[in-house]
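The primary structure of each chain is shown beneath.
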Amino acid sequence: MKYPTRYYFISLAIVIVMLLLAACGGGNQLIYQVVGTAGEAEVTYTDEDDNSQTETVTLPWETSFDVGSSAKFSLIAENTGEQGDISCAVLLN
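Figured I'd write up the structure that's included with this text. Keep in mind that what you see is a predicted model, and the values were worked out from it rather than measured.

**Overview of unusual backbone geometry**
Omega for the peptide link from L59 to P60 comes to -5°, which places this bond in the cis form. Relative to the elements of secondary structure, P60 occurs in the loop between strand 3 (52-58) and strand 4 (61-67). A positive phi angle, near 65°, is found at D50, a position not held by glycine. Accessibility expressed as a relative area gives 58% for D50, which makes it exposed.

**With respect to the sheet that holds strand 3**
Strand order in this open sheet of three strands is 3-2-5, and the pairing throughout is antiparallel. On the outer flanks of this sheet lie strand 3 and strand 5 (74-79), each paired with one strand and no other. Strand-to-strand, the axes of this sheet are offset by a mean angle of 20°, without reference to chain direction. Taken together, the six bridges between strand 2 (residues 40-46) and strand 5 define a ladder with antiparallel strand orientation. Residue pairing for strand 5: Y45 is matched across the bridge by L75.

**A look at the pairing of strand 3**
Pairing of strand 2 with strand 3, which is carried by seven bridges, proceeds in the antiparallel orientation. Each residue of the ladder has a partner; that of V43, found in strand 3, is E55. Linkage of strand 2 to strand 3, two consecutive antiparallel strands, is achieved through a turn of five residues, within which D50 is found at a positive phi near 65°.

**What about the sheet that holds strand 6 (residues 86-92)?**
If you trace the three strands from one edge of the open sheet to the other, you get 4-1-6, paired in antiparallel fashion. This sheet does not close on itself; its edge strands, each paired only once, are strand 4 and strand 6. The average undirected angle you get between the axes of adjacent strands in this sheet is 15°. The sheet contact formed by strand 1 (residues 28-36) and strand 6 spans seven bridges and is antiparallel. Paired with G36 across the bridge in strand 6 is I86.

So, how was this worked out
- Residues numbered from 1 in each chain as written.
- Predicted model: local features only at pLDDT ≥ 70, side-chain atom pairs only at ≥ 80, totals over all residues.
- Heavy atoms only, no water.
- Helix = DSSP H or I, 4+ residues; strand = E, 2+ residues; numbered from the N terminus.
- Buried < 20%, exposed > 50% of the residue type's maximum accessible area, 1.4 Å probe, protein only.
- Pairing = 2+ DSSP bridges.
- Axes fitted to C-alpha atoms, helices over the stretch in contact; angles between N-to-C directions.

Put into structure tokens, the structure is as follows:
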């Protein structure tokens, strides 16, 4: 009866290692948030090839990017209305 217990612990150890590898293997993720009392904002994204894309978003707004070792980009948020304010936060996971 010792064999099933031994296989249980080995299986549990394999599952834990697989979960750790899955969590670490995805690379870093950058989360960009725009919040505030304004109703909307204009967000401009520029990638590493200098291609720009602009969109008007409703606040609160959030997007995320997978960040590799050579990732380069910029995000700019501007208040499109005359009232309210906006603030930005960048989180690296």
